[in-house]
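Here is what each chain is made of, one letter per residue.
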Amino acid sequence: MFCCLKNCLNGVLPAQSVHITKTANPVQLDSSHMGHEVVIIKNGLRACGTGGVLANAPLVQSKSYFEVKLQQSGHWSIGLATQQTDLNQSVGGKDRESWCLNSNHLVLHGGDVIYRLDASKGSAVPNGGQNSPGHTVPGTVPVDLSPISAPPAFPSSASPPGGSGESGLPQEGDTIGVAYDHVELNFYLNGKNLNVPVLNVRGTVYPCLFVDDGAILDIVLDNFAYGPPPGFERILVEQSLL
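This report concerns the structure included in the present document. Not measured: the values here are computed from a predicted model. (Residues numbered from 1 in each chain as written. Predicted model: local features only at pLDDT ≥ 70, side-chain atom pairs only at ≥ 80, totals over all residues. Heavy atoms only, no water.)

All right, on to the overall build of the chain then. From N to C terminus, the chain includes one helix and 15 strands. Scored against the burial criterion, the 242 residues of the chain give a buried share of 45%. Considering only residue pairs separated by 6 or more positions, the chain has 62% of its internal contacts joining residues 24 or more positions apart. Only carbon and sulfur atoms are counted for the fraction: they give 53% of the accessible area of the chain, which is about 12,500 Å². (Helix = DSSP H or I, 4+ residues; strand = E, 2+ residues; numbered from the N terminus. Buried < 20%, exposed > 50% of the residue type's maximum accessible area, 1.4 Å probe, protein only. Contact = heavy atoms within 4.5 Å. Areas by Shrake-Rupley, 256 points an atom, 1.4 Å probe, with all protein chains shown as cover.)

Below, the structure written as structure tokens:
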């Protein structure tokens with residue numbers, strides 16, 4: 001009897017469905033850890049104004065990746081920092097608590113130049129010709145990167161128009177990828193490794209963005225334009241790792 005009733009109603013009763021609601025990524029730029037003159041918009045994903053801002057999640061997993069879209073040129077810095085970094089500076093990498101790639105094509109930590117991107121060679125040159133990438137050269141003179149004191153290492157005309165990144169130098173419209181595995185910090189330009197591995201990143205670090213002189217940066221935390229390197233994935237909040 002039950003089987004007959006079941007067959008009779010087959011196709012009459014509405015199919016059962018489960019509605020899955022996509023939850024928003026909890027990781028975003030942190031308004032409680034930003035410079036006094038930084039402005040965060042676009043649901044916590046865009047930084048403009050002047051100063052630095054951290055994301056609200058530390059990089060606790062073994063291999064983390066995020067991207068930053070260079071929406072508008074200006075002075076900018078992209079990388080990692082601890083919560084002890086000075087976010088009221090307009091340049092990242094000027095203190096010992098931040099490690100950043102900058103718009104003047106220098107990779108900085110503690111005010112020292114670790115690498116200088118070389119457009120003519122399509123690669124990066126370790127500072128002072130050192131043989132140990134990611135380590136600052138003893139005795140290097142800290143670089144003054146206040147917004148108007150240091151011109152870009154290469155003129156913007158060295159890059160082709162349209163943000164193609166073919167010159168090997170970041171420009172407006174490009175995407176910078178950041179990968180960190182607690183051994184090396186690496187930067188990617190439109191999916192291509194810039195080969196500037198930064199070692200000795202210390203402490204609990206967060207994604208950091210610094211902006212000035214009209215720069216606008218969008219942090220991309222999922223749905224990546226180029227995707228992470230093999231084994232890396234988007235930033236996971238700490239609870240999901242338990």
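Additional details are given in the paragraphs that follow.
Following the sequence through the fold, Pro170 ends up in the loop between strand S9 (123-126) and strand S10 (175-180). Considering only alpha carbons, one finds Pro170 and Asn104, 66 residues apart in sequence, at a separation of 9.2 Å. Setting aside its immediate chain neighbours within four residues, Pro170 contacts Leu70, Trp76, Leu101, His105, Leu117, Ile176 and Leu189.

We now examine the nonpolar core. With 38 residues, the main nonpolar core has Ile78, Leu185, Phe187 and Leu209 as its most contacted residues. Excluding residues within four positions of it along the chain, Ile78 makes contact with Val68, Leu70, Trp99, Cys100, Leu101, Ile176, Val178, Phe187, Cys208, Leu209 and Leu217. Grouped together as the second largest cluster of nonpolar side chains are seven residues, Leu54, Leu87, Tyr206 and Cys208 included. (Core = buried A, V, L, I, M, F, W, Y, C linked by side-chain atoms within 4.5 Å.)

Our focus in this paragraph is the side chain of Ser64. Mapped onto the secondary structure, Ser64 falls in strand S4 (residues 64-72). According to the relative accessible area criterion, Ser64 is buried, its value standing at 1%. With residues near it in sequence (within four places) discarded, Ser64 still touches Leu59, Val178, Ala179, Tyr180, Phe232, Glu233 and Ile235.

Here we take up the pairing of strand S11 (residues 185-189). Within a regular beta strand, the side chains point alternately toward one face of the sheet and then the other, so they alternate between its two faces. Burial of S11 is extensive: five of the five residues sit out of reach of the surface. Bridge count for S10 against S11 is five bridges, and the pairing is antiparallel. Bridge pairing in S11 links Gly177 to Tyr188. What sits between the antiparallel neighbours S10 and S11 is a turn of four residues, in which His182 has the positive phi angle 70°. Pairing analysis gives two bridges linking S11 to strand S12 (residues 192-193), with the strands arranged antiparallel. Following the sheet pairing, Leu189 is matched in S12 by Lys192. (Pairing = 2+ DSSP bridges.)

For the structure shown, the criterion picks out three salt bridges. With a shortest N-O distance of 3.0 Å, Lys42 and Asp218 are connected by a salt bridge. With Lys42 in the loop between strand S2 (37-41) and strand S3 (46-55) and Asp218 in strand S14 (residues 216-220), the pair connects residues that are 176 residues apart, well separated along the chain. Its relative accessible area of 45% is what places Lys42 among the partly exposed residues. The salt bridge involving Arg96 is made with Asp112; its shortest N-O contact spans 4.0 Å. Of the two residues, Arg96 sits in the loop between strand S5 (75-81) and strand S6 (98-102) while Asp112 sits in strand S8 (residues 112-118), which places them 16 residues apart along the sequence. With a relative accessible area of 48%, Arg96 lands in the partly exposed category. Overall, the relative accessible area of 9% leaves Asp112 in the buried class. When salt bridges with common partners are traced through the structure, they connect Lys42, Arg46 and Asp218 into a single cluster. (Salt bridge = Lys/Arg side-chain N within 4 Å of Asp/Glu carboxyl O.)

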